[in-house]
Every structure is written in structure tokens, then in C-alpha cells.
Number of protein chains: 2
Amino acid sequence: MDALPAVNEHRGGTPDLAAFMDQVRRDVPAHCILTGADQTRAYECDGLPLYRELPRLVFLPENEAQVVAVLKACRDHRVPVVPRGAGTGLSGGAMPHAEGAVVSLAKLNRILRLDPRRCTAVVGPGVRNLAISEAAAAYGLYYAPDPSSQIACSIGGNVAENAGGVHCLKYGQTVHNVLRVRVVTIDGEIVELGSEAPDAPGLNLLQAFIGSEGMLGLATEVTVRLIPRPRSARVVMASFPSVELAGEAVTRIIADGIIPAGLELMDRRAVNMVEPFVHADYDLDAEAILLCESDGTPEEVAEEIVRVEALMREVGATRLQVSASEEERLKFWAGRKNAFPAAGRISPDFYCMDGTIPRRHLGAVLGEIADMERQFGMRCSNVFHAGDGNLHPLILYDANRPGEVERAEAFGAAILELCIRMGGTITGEHGVGIEKINQMCAQFTREELDAFSAVKRAFDPHGLLNPLKVIPTLARCAEHGKMHVHRGEMPFPDLPRF
Amino acid sequence: MDALPAVNEHRGGTPDLAAFMDQVRRDVPAHCILTGADQTRAYECDGLPLYRELPRLVFLPENEAQVVAVLKACRDHRVPVVPRGAGTGLSGGAMPHAEGAVVSLAKLNRILRLDPRRCTAVVGPGVRNLAISEAAAAYGLYYAPDPSSQIACSIGGNVAENAGGVHCLKYGQTVHNVLRVRVVTIDGEIVELGSEAPDAPGLNLLQAFIGSEGMLGLATEVTVRLIPRPRSARVVMASFPSVELAGEAVTRIIADGIIPAGLELMDRRAVNMVEPFVHADYDLDAEAILLCESDGTPEEVAEEIVRVEALMREVGATRLQVSASEEERLKFWAGRKNAFPAAGRISPDFYCMDGTIPRRHLGAVLGEIADMERQFGMRCSNVFHAGDGNLHPLILYDANRPGEVERAEAFGAAILELCIRMGGTITGEHGVGIEKINQMCAQFTREELDAFSAVKRAFDPHGLLNPLKVIPTLARCAEHGKMHVHRGEMPFPDLPRF
């Protein structure tokens, strides 16, 4: 792809904040602008507090017109913009820029329309994920993607990160459940991406926007698909004598044409970490526990459970239990859903990783992670969205011990690079953000990163939207040692640095 | 979005073909290059023969390296490129450019890998849609999207158009069934978009590429998802006293949480057109016939059929038949699948339209199309992918009668603009191509077309890939009278004209 040097020669510098504020104050009331460390401190990090930065200011617009005004002013005065949802992200995607503004969309938190006949809801980006399902419950409907943070996280953040959850194996991620997004570009223009129709003419930019981590624009309205609540759901909980066999059961279930509503694996350390906390009756002697949920009509569920149990037995499950009531189903899930708080009970700090691998390598990857525990001198417990090959290793460390933060980061990076070697990727649902930017150099070729940069520039020629995240510059990749500089040329242009 | 005038000042002109050929002949053997009208005539149109043009030359590369060489030469010499699959497209997307080259990917027709354990196949773009399912059948797997042309159409063309089919209501369109595409850009660079993992880090450009109608690059390898063949399938065929009631049945089925494997509606004229041809035992007295397929385990199918029949009766179905055998199931479908050839028996020519509308407007839209029949003095028979609101009105005309071609085109345009007014879109699965470029002006705002142009330029700064299609220039929209020129400015830059 041709370099477009004109738009990349600008290298920023400190913006003229006084002129910027004069402009923005014309359209944005004072109570929607936070300045000074005491006001902006709460915004210095998101759910990955390893990375912190105080922004110059924080905007809390109350309507779309104010979003437009803020972005136009940022464009005119070359002020970097970091969009923010609920701040629950786990890859530092909402970490502020030291010379820039945070734009929080938390106040755009109204459910604008809920149409049970069309099975859609149109909501502001600040609406919480769970609030959509709560509002839809009256019609027997719900919004399927359910990240662990769903009580707190907002749909705008879900769109930015393409959030998943336990049920995304069957019901898809955010990208499969959002029909349309209304976007404000850095120029303050309104663009509607996607459509309620099955196929939208023109370029399919909705999916490029979903998961773009705030690099292309800010969502001000999101239309989601609602689906009918399943009439029943039951969980099979199975113990296996090895992680490899549990992984084999996962492969066999999928290969048999079953798409469970959830298919989650926990290793021995994770089980032993959560059981004393949740008392879910987990088998403490198992090397791995597999949770497999079926949902649908009672007949469908009964039929699927029989097939799942038979497959698990064939592979070598040593203990099998099927939830007999809704209460028991929730109890079985309680351990999996509380893995993160449980980690907090046994370790001062933990670092949640997020990589994907082909399902068949589950066993081999766990073996290598065990070797790394010895190499880095740190424990790691493992929970997986096994059905879609999405790992969440939890590295346990103590930030107060010198060198442990750096060692935890190095351990995490080693896991991600292992995922790439196994044919997987460096993020399943948490995004790249600032956390995994080095691993992007290993994940993609120069040409692929260049394609990302070109599309980024098409939306944001001055590189103001969430700068220095997601797409690494060539210099960073060269420094990280993962990319060759082709014949001494600078093959793709850097994004601006402020 | 800022205009990037530098890349749009080039306005083409006739390329220097001699120098171009010198370059390209270094890498592409003579038998892969067609020149002269006698050789290139077969490429003058695709499945929409209303639009024809003879290209300067046709390339039939035999491997990816030759595709790279052709595109680099086209880029160096500013030769427009029209990519072509099997030529079955219905919107003129593969219509040649008079000063350009057609690049047919028909020879890249090998199935490179088929992995039953991972449920994936990696295939060349020239592999026929049905050939994938035939190869996968040995493992009990198939490739779900099934456009009517699936015997002939190629997966590369399916990717370009985001092809659908009867089963896409339940199993998704091409975009939901393709995991990864290997793309050659106009600069001859190789980029892999997408991943076999559930979420790919970085920008989600796979979905933007799928359905981009040859504007962003040429696919040389496509990785598709295979799914297990359902163990059984049955069809309910129901007669309704009005199209409105059949539409109501569609809405009720979907609202009840049932996603049929297929849900197709035919109006009285379509039924009366196909029955003498296929003898499918269709009810000639019905105003509308609805075909609803259930697939899955025999138990799932039986349970779903009971629910579907009950809902149809409640709404007012006058005759209900359930296929009792696989033979009968195929007979019920035969009428729907042969609607196009049947049209050929009663009319010298027909023009197949492709729009989408919200399902609830099915009745109203058919009423308006009936009014248009009188207004344009032409007959139209209607078949629908009713479940996803995708209409295929067939306008019947005689090209040998003066003025009928133009009248059929005007009738078609009126139907598309009706779809937009009803909250739908101008294409469900056939693409925009050259056919619907004027309606794009009505479908999208200036800012939205501008976003498409910006992304197009990011991949193809000189506008060489399938020029003058899909994204209308401002001048065209102004001429078509559908877009206001904002304060006399030219708000988005034209793509080059050759």
C-alpha cells in the first residue's frame, strides 16, 4: 500500500489548550468539563491499572451535539482524544494521553427505543450491558453477549472492544449482535454504519468499527439485536484426570455438531482457588473441570445433555453432574464467574491475560504455561472459554515486591507469543489497547499493519483518536525486535507522536 | 472526514498499454492473456447482460505470483482492473472497463486444505461454491451459504458480493462463514485478513473486504467454516389468502424465537409461473405460498414443525402440507429454486431485483409494486427470502420492444427507492455493482459515501480497482437529483474517471 506521507508529517507537540478551551466552551457547559488532577484522577486508568496517565482534561458530554463540538475542537487544535466507556476494559484502551482529553460517554445512558416486534433496542453508548437485558426481560428477550463485567460495562465500550463472554460461543460476540452504530468522526460528522437489514450496501464498515478500540470515531447510538430468552438451561459439570482429556472432550463435542450455550474449562489450580470462596461443590481432585451448558426448549436441552454426557464419558470423564435446578445451575457457574475475585483472596495482585489458540492445542499450551511458571517464578491459574479456544491465564504476583510487576508483564508477553506460535491470537475479547501493542508486531506482517494504518488514517488523518494504541509504529516493532526493516526503508509511516 | 485531494487529482486517460504489456509479460505467460474482441467477448458482461463493455484485455493468472505481477503492472501503468469470479453476478459488478483489464480468478480453483477436525477448508477463489460442500460431504460437513447459482458461482465472487441464499436466515451470509481471506492489494502486497480465532486483534477488515465488490483487492485464498450436515430436514408448505397474512406468519414465527433453516414466500403470480414448469403441487388458488424449513435432529425438527404449523393456522393458513420424505422436501423447494428459469418460459426477458425491507412491511410493499405494474405497464412476479426481508421481484419484459429495457430499469429503480423509503436497503445479496449506483445516492448521506471513499482510497489511492462502481461520485448523485450539493461545495472527492 502506498505511503501517504502528507498526513503523517505532523508530529504533534503540546496543543494550545487555551484556544482549544475557548472554542469548546461555546458548546459544552462547564459542569461537563473536568480539569485539574483532583477532578481527573478517577480517569487515570481503566480496568488495567498497570498503565496510568493523568489526562489534561475530561469531557462528560450530555448529548450528541456536545460530542460533535468536542471532537471538532480537538480536530481543530490537534488535541488527542481518548474515548472512555465504563472504564472496565482490561487492556488499557481507555488509558489517557498526557497531552489529551478523555471523552467519557457515560452520560449518554438512555435506552432510546426498545422494539419487541423487531427484536431490537436503540441505546446510548453509556447504557450498561446488563441494563439492556433487564429492560428487555419484560418481553421475554435479552441481549446475548455477557462479559464478566456486564453489571458495570457499557455497550459503547463493548462495541469498542468487541466484547464476548461465556455465551458467545453460541450467540456470538458484540460484532454478531450489533446491527447499527451511529458514529461521530473526528471531524464532527455523523455517519451511520450498518443497518437493520441483513446486508448493507456499500462497504461493510460496521464490523471494522466494532473492535476498533476508539481509533475510528465515537459511538453515540447503538442498535442491538435482542433474542428470546431460552425456555430452559442446564449445565453438565465434568471432572477429567488431565487438561488434555478435557480439551479432547471440548473438541469432540464441537465436532459432533453441538454448539453449547457455554463451554468452560478450569484447571486444578483455578478450581482449588475458587472452591473455598464459592463452595460450588467442585471436584478438588480433578486435574480439570469442564462446564457445558445447553439451552433451548426442555426437549432440546434433554437431548443435548444426553449426547454431551456420552461424549464426555467416552473421553474419560471421572465424575459427571447435571444441574437439577436453576439454583444448582447458577451454583455450578458461580466458581467460573468468580475466578477473578477468588484470585484476589490468595494473591495481592493478579494479571488477567487473554489469548486464543486452536482448541486442539489446549493441553500443550497448558504444559508450556506450567514450564513458564518455573521460569518466571510465579504461579498462574487457568480459566478458559474452551469452546472458542479463548484462554484467560491469571498470573498471580505481588506488586509490592521489587521486580514482580515487570516479571508478570514478561510472563504475560511470553504467553501471548506462545499463543501466536500455536496459530492463535493475542486477544480473544479484551482488545490490544496499550497492553499488547508489542505483540501486534509479532502477530501481523508489515503489510497487514500498514493496511490497518491506512484505514485508521482514512477516518483520522491526524492520528488524534486514541493515539499510540493498537497499531504499533515501525519504530516500536524494530525496538521490540519482532519485525525486519525491509532494505533499510521505513515501509509504513508512523502515526503521530505527541 | 477531510478530503485528501492529492490522491484524487489523477483523472486517468488512456493508459500506455504497450509499456504495460512489456512489464506484465515478464511474469505472466502468453496463454494467460487474452486480447482482441474475439477472445475477450466472453467477458463483456456478467449475469446482468443489460450492461456490457469489451475490456482491453483479460488475464487468467494461474497462481498468486501472477496475480501480484498483474496488479503491480496495473498500478505502475494506471490500468483499471475489474476482478471476475464465475461471472454469475447479478449487479454488473464484473462488467469490464473499456480502458482496463479483467482479471479472472477462475484458474485458482483448487481446494488447498480441508480439515474436518477444525471444520475449515482453505480454497482458491475460483473454487465453485457447491464444490466445497461436495468435498466436505465425506466428513458429514458442508459450506452453508447457498446462492441460487451455487452450481456455477465461485467462492471468490461470493466473498466479493457477500452472497447469501435460502439458508442464510439461519446460517448467515458469506460474511458469517468465511474466517480468513488472503488478499493481493493493488500494490501487489499480500495481506491476510481475519483469523480462525474467534476475534482477530487489530481492525476487523475481513468484514469490510467481504462484500467490497472488488474495490479493495483480489482474494487469492479463502478459508471457510464448514458445519455438520443436519441429520434431518422437513418443509412446511402453507397457502395464505393474502400476502399480508403470509407476511404476518413470517413475523410471528420469528417473534416466537424460531429461526427456520429457510423461510420463503412466493406470490400468486410467481406460483402460477412456476407450477406448470416444476409440478411441485403448489396451490394455484393461494394468494401467497410460504415454505418454512426446519432442520436438526429428528426430535428438534418434529418439535419445531408442530410450533410452526400452529402459528400458521392461527394467522389463517388455508392449506398446510409437511414434506413426508426427502424427495417431497426437494419437490416443495423445486418451485422456489426454479423461479428464474420459469420466468424465462413466460417472458422473453426478465430483470431480477434485490432489495430488503423490514419484514412487517411485506404486504404494503407488494401492494405498491402492484400499483407500479400498472404505472410502468409491465408484469412483476415476486419471490422473497421472507425470513430476512429480502425481496426478489422479477420484472418481465421484452428487450425487442422499443423502450422496454429502459422501462424495466425505471421500474426496478422505483422498487429500490420504495425499499429505502420503507427503511430497507437496495441490495440483500446481489451487490450494488454498476446497476444500483444511482440508488446509493438515496441510500446514504454524503458523509457516509465519503467514509466509503476514504476507506476505498486507503486500499486503492489511484482508484484502479473496479472503478466507477458501488460508490457514486458526487457529480453522479447531483445528476441523479438525490443529493444536495452542500453550499455549492464539492463535499467529497470524486474517484478518478478513465
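A. Layout of the sheet that holds strand 10 (residues 218-225) of chain A. All names here are of chain A. Overall, antiparallel pairing links the five strands, which are arranged 5-6-10-8-9 in an open sheet. Each edge of the sheet is formed by a strand with only one pairing partner; in this case those strands are strand 5 (111-115) and strand 9 (190-194). Across the sheet, the mean angle separating the axes of adjacent strands is 10 degrees when strand polarity is ignored. Two strands pair when backbone bridges link them, and strand 8 (residues 178-184) and strand 10 are joined in this way by six bridges, in the antiparallel orientation. Bridge assignment links Arg182 to a residue of strand 10, and that residue is Glu221. Lying over the sheet, helix 3 (residues 64-77) contacts strand 8, strand 9 and strand 10, oriented at roughly 55 degrees with respect to strand 8. Sitting on the sheet, helix 4 (residues 129-136) touches strand 5, strand 6 (120-123) and strand 10, and the angle it makes with strand 5 is about 45 degrees.

B. Structural context of the domain arrangement of chain A. Residue and element names in this part refer to chain A. With domains assigned, chain A is organised as domain 1 (4-106 + 442-478), domain 2 (111-228), domain 3 (232-340) and domain 4 (347-435). Taking only C-alpha atoms into account, the centre of domain 2 sits 29 Å from that of domain 4. Between domain 2 and domain 4, the contact holds ten residues from the first and nine residues from the second. A combined buried area of about 590 Å² lies between domain 2 and domain 4, and 43% of that area is made up of carbon and sulfur atoms. The interface formed by domain 2 and domain 4 holds zero salt bridges in total. The tally of links from domain 2 across to domain 4 stands at four residue pairs in polar contact (both at pLDDT 80 or more). In terms of residue class, the side of domain 2 that touches domain 4 is made up of four nonpolar, four polar and two charged.

C. The arrangement of the packing of aromatic side chains in detail. Residues and elements named next belong to chain B. A full pass over the atoms with the stated rule returns ten aromatic pairs over all chains. Plain terms: the ring middles of Phe20 and Phe59 are 6.0 Å apart, the flat faces sit at 75 degrees to each other, and that makes the pair edge-to-face. Placement of the pair is Phe20 in helix 1 (residues 17-25) and Phe59 in strand 2 (residues 57-59), with a sequence separation of 39 residues. Phe20 sits in the buried class, given a relative accessible area of 0%.

D. Highlighting the sheet that holds strand 1 (residues 33-35) of chain A. Residues and elements named next belong to chain A. Pairing is mixed across the open sheet formed by four strands, whose spatial order is 1-2-4-3. Two strands close off the open sheet at either side, each with one partner strand: strand 1 and strand 3 (81-84). Shown here is a sheet whose adjacent strand axes are inclined to one another by a mean of 20 degrees, direction ignored. Bridge analysis of strand 2 (residues 57-59) against strand 4 (residues 101-104) gives three bridges, and the strand direction is parallel. Opposite Phe59, over in strand 4, you have Val103 as the bridge partner. In the packing of helix 1 (residues 17-25) onto the sheet, the strands contacted are strand 1 and strand 2, and the crossing angle to strand 2 comes to about 15 degrees.

E. Examining the packing of helix 1 of chain B against helix 3 (residues 64-77) of chain B more closely. Residue and element names in this part refer to chain B. Relative to each other, helix 1 and helix 3 sit at 155 degrees, their axes nearing to 9 Å. Classed by the angle they form, the pair helix 1 and helix 3 counts as roughly antiparallel. For the element pair helix 1 and helix 3, the recorded crossing hand is right-handed. Across the interface between the two elements, Ala19, Phe20, Gln23 and Val24 of helix 1 pack against Ala69, Val70, Lys72, Ala73, Cys74, Asp76 and His77 of helix 3.

F. Expanded view of the state of the cysteines. All names here are of chain A. Counted according to the given criterion, the structure contains two disulfides over all chains. Paired by a disulfide, Cys441 and Cys477 hold their sulfur atoms 2.1 Å apart. Disulfide Cys441-Cys477: torsion about the S-S bond near -80 degrees, hence left-handed. Taken together, the residues span a long stretch of sequence, with Cys441 in helix 16 (residues 437-443) and Cys477 in helix 18 (residues 474-480) at a distance of 36 residues.

Procedures and definitions
- Residues numbered from 1 in each chain as written.
- Chains lettered and ligands numbered in written order.
- Predicted model: local features only at pLDDT ≥ 70, side-chain atom pairs only at ≥ 80, totals over all residues.
- Heavy atoms only, no water.
- Pairing = 2+ DSSP bridges.
- Helix = DSSP H or I, 4+ residues; strand = E, 2+ residues; numbered from the N terminus.
- Axes fitted to C-alpha atoms, helices over the stretch in contact; angles between N-to-C directions.
- Contact = heavy atoms within 4.5 Å.
- Domains from an automatic or database assignment.
- Buried area = accessible area lost by both parts, 1.4 Å probe.
- Salt bridge = Lys/Arg side-chain N within 4 Å of Asp/Glu carboxyl O.
- Polar contact = N/O pair within 3.5 Å; in protein donor to acceptor, adjacent residues only side chain to side chain.
- Nonpolar A, V, L, I, M, F, W, Y, C, P; charged D, E, K, R; others polar.
- Phe/Tyr/Trp six-rings, centres within 6.5 Å; stacked < 30°, edge-to-face > 60°.
- Buried < 20%, exposed > 50% of the residue type's maximum accessible area, 1.4 Å probe, protein only.
- Parallel < 35°, antiparallel > 145°, perpendicular 65-115°, else oblique.
- Left-handed = near helix turned anticlockwise from the far one by under 90°.
- Disulfide = S-S within 2.5 Å.

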